[in-house]
Amino acid sequence: MNGDHLHSPNSVRPAIAIDGPAASGKSSAGKMFASQLGYRFLDTGLMYRAATWDAMNNGIDINEPEVVSAVVGKMEFSVIDGDFGENLILVNGQDVTRFLHSTAVDVSVSPVSAITAVRKIMVAEQRRIATTGSIVMVGRDIGTVVIPDAPLKIFLTASAETRAQRRYSEFIANGTQVDLADILSSIEKRDRIDSSREDSPLKPASDAHMVDTDDLSLNQVVALMFELSREII
């Protein structure tokens with residue numbers, strides 16, 4: 001793994017942690033929130049997706065942890081800012097961002113993320129990025145493992161049904177025909193794997209602010225985050 005190229009602002013402010021399950025709105029809300037604060041943004045889930053894509057692209061069986069770990073350890077990885085503040089993920093110099101939300105990666109990312117050696121590689125890189133400050137980081141274990149001393153931790157939640165509907169709408173908007181029941185099943189399976197894994201399970205930090213996004217619009221979620229941030233910014 002090698003470094004990131006995320007733009008660093010002049011004044012460094014503490015990193016902010018946002019966690020939550022799949023399709024809880026972390027990435028969309030976190031990106032907008034970061035933009036309002038003048039912070040950088042990092043969706044750490046994309047890092048695990050990149051590792052998953054790279055393993056699959058190399059023909060690796062994701063159920064062989066040692067082989068997956070070896071491939072991920074050799075992966076040349078970097079994050080750069082896109083024109084609209086979004087994260088672009090480069091693997092071995094290639095922009096692979098567009099491949100990372102495929103259904104194939106969706107199905108395999110949780111098992112790969114549960115591999116301890118993979119998490120060690122990713123967490124070390126995420127902590128290094130966090131030390132540069134002035135960044136909103138979203139993921140599954142940011143507030144509990146990556147930056148447990150973050151002054152603001154937010155945990156977004158929503159029902160599996162709501163999250164499946166959101167993901168379904170995203171696929172349809174992109175012209176991808178999918179079955180809602182399949183997406184719901186996939187999300188429920190990912191929740192089980194993410195919450196029950198031994199290493200860094202998905203759970204809110206004890207001092208995280210819980211935000212239920214079921215009945216909230218994206219703008220309402222971001223407005224709530226902004227209110228919570230007033231104490232530390």
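The preceding data block contains the structure.
Here is what the cut-offs are and how they apply
Residues numbered from 1 in each chain as written. Predicted model: local features only at pLDDT ≥ 70, side-chain atom pairs only at ≥ 80, totals over all residues. Heavy atoms only, no water. Helix = DSSP H or I, 4+ residues; strand = E, 2+ residues; numbered from the N terminus. Salt bridge = Lys/Arg side-chain N within 4 Å of Asp/Glu carboxyl O. Buried < 20%, exposed > 50% of the residue type's maximum accessible area, 1.4 Å probe, protein only.

Undergrad: Explain unusual backbone geometry residue by residue, including any values.
TA: A positive phi angle, near 60°, is found at Ala-23, a position not held by glycine. Mapped onto the elements of the fold, Ala-23 is located in the loop between strand S1 (16-19) and helix H1 (26-37).

Undergrad: Now, about the pattern of salt bridges: what can you tell me, with residues and values included?
TA: Here the structure, examined in full by the defined rule, presents ten salt bridges. Linking Asp-207 and Lys-153 is a salt bridge whose minimum nitrogen-to-oxygen distance equals 3.0 Å. Residue Asp-207 is found in the loop between helix H8 (180-196) and strand S8 (209-212), and its partner Lys-153 is found in strand S7 (residues 153-157); the two are separated by 54 residues along the sequence. Asp-207 sits in the partly exposed class, given a relative accessible area of 45%. Among the residues examined, Lys-153 registers a relative accessible area of 6% and is labelled buried. Where Arg-230 meets Glu-227, a salt bridge forms, and the shortest distance between an N and an O atom there is 3.0 Å. The exposure class of Arg-230 is exposed, given its relative accessible area of 54%. In this structure, a network of salt bridges that share partners links the residues Arg-49, Asp-106 and Arg-190.

So far we have only geometry, and geometry alone does not tell us how the molecule works.
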